[in-house]
Amino acid sequence: MSLGRCSAGHSLESKLDAAQSYGYQGVEICYEDLEAIASKPRHHPIPFACLPPPDQTTAALKIRASCEERGIEIVCLQPFPQYEGLLDRRERESRFSELLAWIKLARVLGTDMIMIPASSLPEDEVTGDMELIAEDFRKAADAGRREHPHIRFAYESRCSATRIDKWEFGWDVVERVARPNFGMCLDTFHIAGRIFADPAIPCGRVPGGEKAVETSMQRLVKRVKAHRDKVFLVQMGDARRPDEPIVQGSADYDPEQTPRMIWSRKYRLFYGEEARGAYLPIREIAAAIFNDVGFEGWVSVELFSSRMECRDPNVPKELARRGAISWRKLANDMGWWPTLPAPGTGAVC
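Let me begin by describing the structure that accompanies this report. For clarity, every value in this text was computed on a predicted model and none was experimentally measured.

1. Considering the pairing of strand β4 (residues 152-156)
No. 1: Most of β4 is tucked away, with 4 of its 5 residues classed as buried.
No. 2: Pairing analysis gives 5 bridges linking strand β3 (residues 113-117) to β4, with the strands arranged parallel. By the bridge assignment for β4, Ile114 is matched with Phe153.
No. 3: Handedness of the crossover joining β3 and β4 through helix α5 (residues 130-145) is recorded here as right-handed.
No. 4: The pairing of β4 with strand β5 (residues 182-187) spans 4 bridges and is classified as parallel. Among the inter-strand pairings, Glu156 is bridged to a residue of β5, identified as Cys185.

Next up, the structure:
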């Protein structure tokens, strides 16, 4: 998705070609890509979840083959949203049934991981009871463990989430679930977006944000370093300030979404894009994750911005190039290699 939206006419093939040309080793497959592939032969597209299982499997096999042809690994299937802590327990059972279908799709795609973002449903629809949330994820993890090899679940705390809006809360859930195939997705944008940034105020910064990030990263190292195998995925991203504070009356305001949700969907940038307005302390967060905690595994360069909605056919290559440059800068900043090849020959995702 970070290389262009299907709704803007950017096919999965064009995005995979762009990823291959800039040396990406893996991609996250978004559910909308499955929907787009499945809709191709139909004059009247049907929601993917309503398709017969054989048609869903066919779409997943096509995506897997397209990736294998280009030597690109499928890192995960994502995002499976609004799952945990539902107060409507009948809806909870419905979502669990959908998750079982996702597990089958992950297996067909050839990936062992599903990414689940923290719920952003209204407060009157999702519980704050951490034990109930953990119970939901134990059920999911146990279903994943019945697969061979096991399906893992990477749980992502989000700055725009209703309850789990800090990595600390996400880690609490991981500890409560206590299953080997249930871990965390650490997203640098969401970490900073909750404790450092505030898109609803003119300066875009929370008072004392720098200190909050420093303290939070100290906690991350203390709590997670000894259990870093429970970090399944790291997503790297930054953001710029919105064009104006996202408050009632502003151009971006939407009463159905929080300011952080609106901001996260429109103003994100790749790591290191200060020239484009990136202003979050992502380098400090990355240093804690990679150099202090010692994470080793898949790192995804992620973007959500209005540029992805542009119908310009050059968008996938443009964004793939920006992502490759971002990766090179991250590697240099973290001191991983003394020198790196030029963009287009050595980027990794």
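We are not done yet, so read on.
2. Some words on a negative patch on the surface
No. 1: On the surface, Asp88, Glu91, Glu123, Asp124 and Glu125 cluster together to form a negatively charged patch.
No. 2: Topologically, Asp124 is positioned in the loop between β3 and α5.

3. With respect to the packing of aromatic side chains
No. 1: Counted by the stated rule, this structure contains 12 aromatic pairs.
No. 2: Ring centres of Phe80 and Trp102 lie 5.0 Å apart, and the angle between their planes is 75 degrees; on these two criteria the pair is classed as edge-to-face. With Phe80 in the loop between β2 (73-78) and α4 (89-109) and Trp102 in helix α4, the pair connects residues that are 22 residues apart, well separated along the chain.
No. 3: Look at Phe290 and Phe295: their rings are 6.2 Å apart centre to centre, the planes differ by 55 degrees, and that puts the pair in the tilted class. This pair shows no difference in class: Phe290 is buried, exactly as Phe295 is.
No. 4: Members of the aromatic cluster, joined through ring pairs, are Tyr31, Phe80, Tyr83, Trp102, Phe137, Tyr155 and Phe182.
No. 5: The ring of Phe80 carries the charged tip of Arg95 above its face, separated from the ring centre by 4.1 Å.

What counts as what
- Residues numbered from 1 in each chain as written.
- Predicted model: local features only at pLDDT ≥ 70, side-chain atom pairs only at ≥ 80, totals over all residues.
- Heavy atoms only, no water.
- Buried < 20%, exposed > 50% of the residue type's maximum accessible area, 1.4 Å probe, protein only.
- Helix = DSSP H or I, 4+ residues; strand = E, 2+ residues; numbered from the N terminus.
- Pairing = 2+ DSSP bridges.
- Right-handed = clockwise from strand over helix to strand, strands pointing away.
- Patch = residues over 30% accessible without salt bridge, like charges linked within 9 Å, V, L, I, M, F, W, Y side chains within 5 Å.
- Areas by Shrake-Rupley, 256 points an atom, 1.4 Å probe, with all protein chains shown as cover.
- Salt bridge = Lys/Arg side-chain N within 4 Å of Asp/Glu carboxyl O.
- Lys, Arg positive; Asp, Glu negative; His and termini not counted.
- Charge placed at Lys NZ, Arg CZ, Asp CG, Glu CD.
- Phe/Tyr/Trp six-rings, centres within 6.5 Å; stacked < 30°, edge-to-face > 60°.
- Lys NZ or Arg CZ within 6 Å of the ring centre and 35° of its normal.

Functional significance is not addressed by these values, which are geometric in nature.
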